[in-house]
Amino acid sequence: MNQSDIMKVAIIGAGASGLTAIKCCLDEELEPTCYERTDELGGLWNYKDEVRDGQASVMKSTVNARNLFKGKIIHSHDYKNSLSYEDKRVVIVGIGNSGGDAAVELSRVASQVFLSTRRGSWILNRVAEKGMPVDMCYISRFFNALQTRFPGFIETMAKKQLNNKVDLELYSLKPKHGPFAQHPTVNDDLPNRIICGSVKVKSNIEEITETGIKFDDGTFEDDIDVLFLATGYTFGFPFLDKSVIEVENNKVELFKYMFPPDLEHHTLAVIGFIQPLGAIMPISELQCRLATRVFKGKAEAMSARYVHSPRHTIQVDYIPFLDELALLNGLKLLLKDRALAMKCIFGPCTPYQFRLEGPGKWKGARKAIMTQWDRTLAPLKTKPIEANSDRLTDVNSPFNKCDIIRE
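Small disclaimer: the values here were computed from a predicted structure and weren't measured.

Student: Just give me the short version of unusual backbone geometry, but keep the residues and values in it.
Tutor: With a phi angle near 60°, Asp87 is a residue other than glycine that sits in the positive phi range. Position of Asp87 relative to the elements: it lies in the loop between strand 3 (72-75) and strand 4 (89-93). Asp87 gets classed as exposed once you look at its relative accessible area, which sits at 63%. Not every positive phi belongs to a glycine, and Lys130 is a case in point at roughly 60°. Its place among the elements puts Lys130 in the loop between strand 6 (123-124) and helix 3 (134-138).

Here's what the structure looks like:
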């Protein structure tokens, strides 16, 4: 291929998805040029102590407090640490992951934290039974198949399990919607902070005064020092003409959340513009692989389930969406190896599965799948103990939630 024949690709942003896009372009022998507004890599995941205008990072105010609230107003975008919140009375608006994390952290130094939520939330722990990582235990093809075939039963069991951990009604957190109808709040410490009184759950805000907050249940909290807004973000593409991509009420029409459907030539793709119950990186990687193949000419139902809210317009089902992208990439999971099949069906659905066959095949994928629990549990192996064989269960049993036994 001549240098003049190499397709050139512009990548906007050097975050997790942008870096993956660079690699996938190189894999397909495309020539990527990445444009990044800052002087460093990492995007959202690159933590900075200082606040950069227009640049998000983990942990510009979007809510206008029209009653001239006299205290400090901050959006979760601008929050970095708890150093200036000692002995403050703080109202946090929003019970998403940012709001929950901020409530826990600030409650350790503030005199009182109030957590305002419109509809409550299901609280999901990162640590599952026996201390195992919850995503490794439950994000599997087996559990996804159960949820698809028996949605009512699985929802009932999920409610029971979540409420056994924390009675959400008792904690004033129980939502009207089911646990799979909205992205849950992932937080291991929030119930502990609520039961000791350092975090008090409140209803939606009705009115903001100069010094306090009135909630729609009629209660009022005065002498509020900080109004902390964890209300999410509005998204858009200001560098593109609206005729290409137009966002209205946080909704946008994109095929597979990637491609503007009305373009004559499919030379534009949006990567990572999704919110899964699971890691975003594996989906971004498959999207990048698909985009590069579409650019080279190699390749060509769920909205009703989710609560109507600007927060959930980009919600996707994790494993089904991964499989949709894999199929478009020309990947099929054909497992003739019984031991490997059991790992892929009953074990964690990790990105190695999408490197077993087809374009982008990696010879180390099988070994990586067979040994993935070794790497997950390695940080726990800090001192020798006598093995307890009584706790081990059959790896091939479909009832073994955490596939932790090596072959």
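Student: So, the pairing of strand 5 (residues 112-116): which residues are in play, and what are the values?
Tutor: Counting buried positions along strand 5 gives 5 out of 5 residues, so the element sits mostly inside the fold. A two-sided burial pattern is seen for strand 5, the buried positions comprising Gln112, Phe114 and Ser116 on one face and Val113 and Leu115 on the other. Bridge count between strand 4 and strand 5: 5 bridges; the pairing is parallel. Across the sheet, the residue bridging to Ile92 is Leu115, located in strand 5. Viewed along the sheet, the connection from strand 4 through helix 2 (residues 97-106) into strand 5 turns out right-handed. As paired elements, strand 5 and strand 8 (residues 199-202) share 4 bridges and run parallel to each other. Bridged to Phe114 within strand 8 is Lys200.

Scoring rules and cut-offs
- Residues numbered from 1 in each chain as written.
- Predicted model: local features only at pLDDT ≥ 70, side-chain atom pairs only at ≥ 80, totals over all residues.
- Heavy atoms only, no water.
- Helix = DSSP H or I, 4+ residues; strand = E, 2+ residues; numbered from the N terminus.
- Buried < 20%, exposed > 50% of the residue type's maximum accessible area, 1.4 Å probe, protein only.
- Pairing = 2+ DSSP bridges.
- Right-handed = clockwise from strand over helix to strand, strands pointing away.

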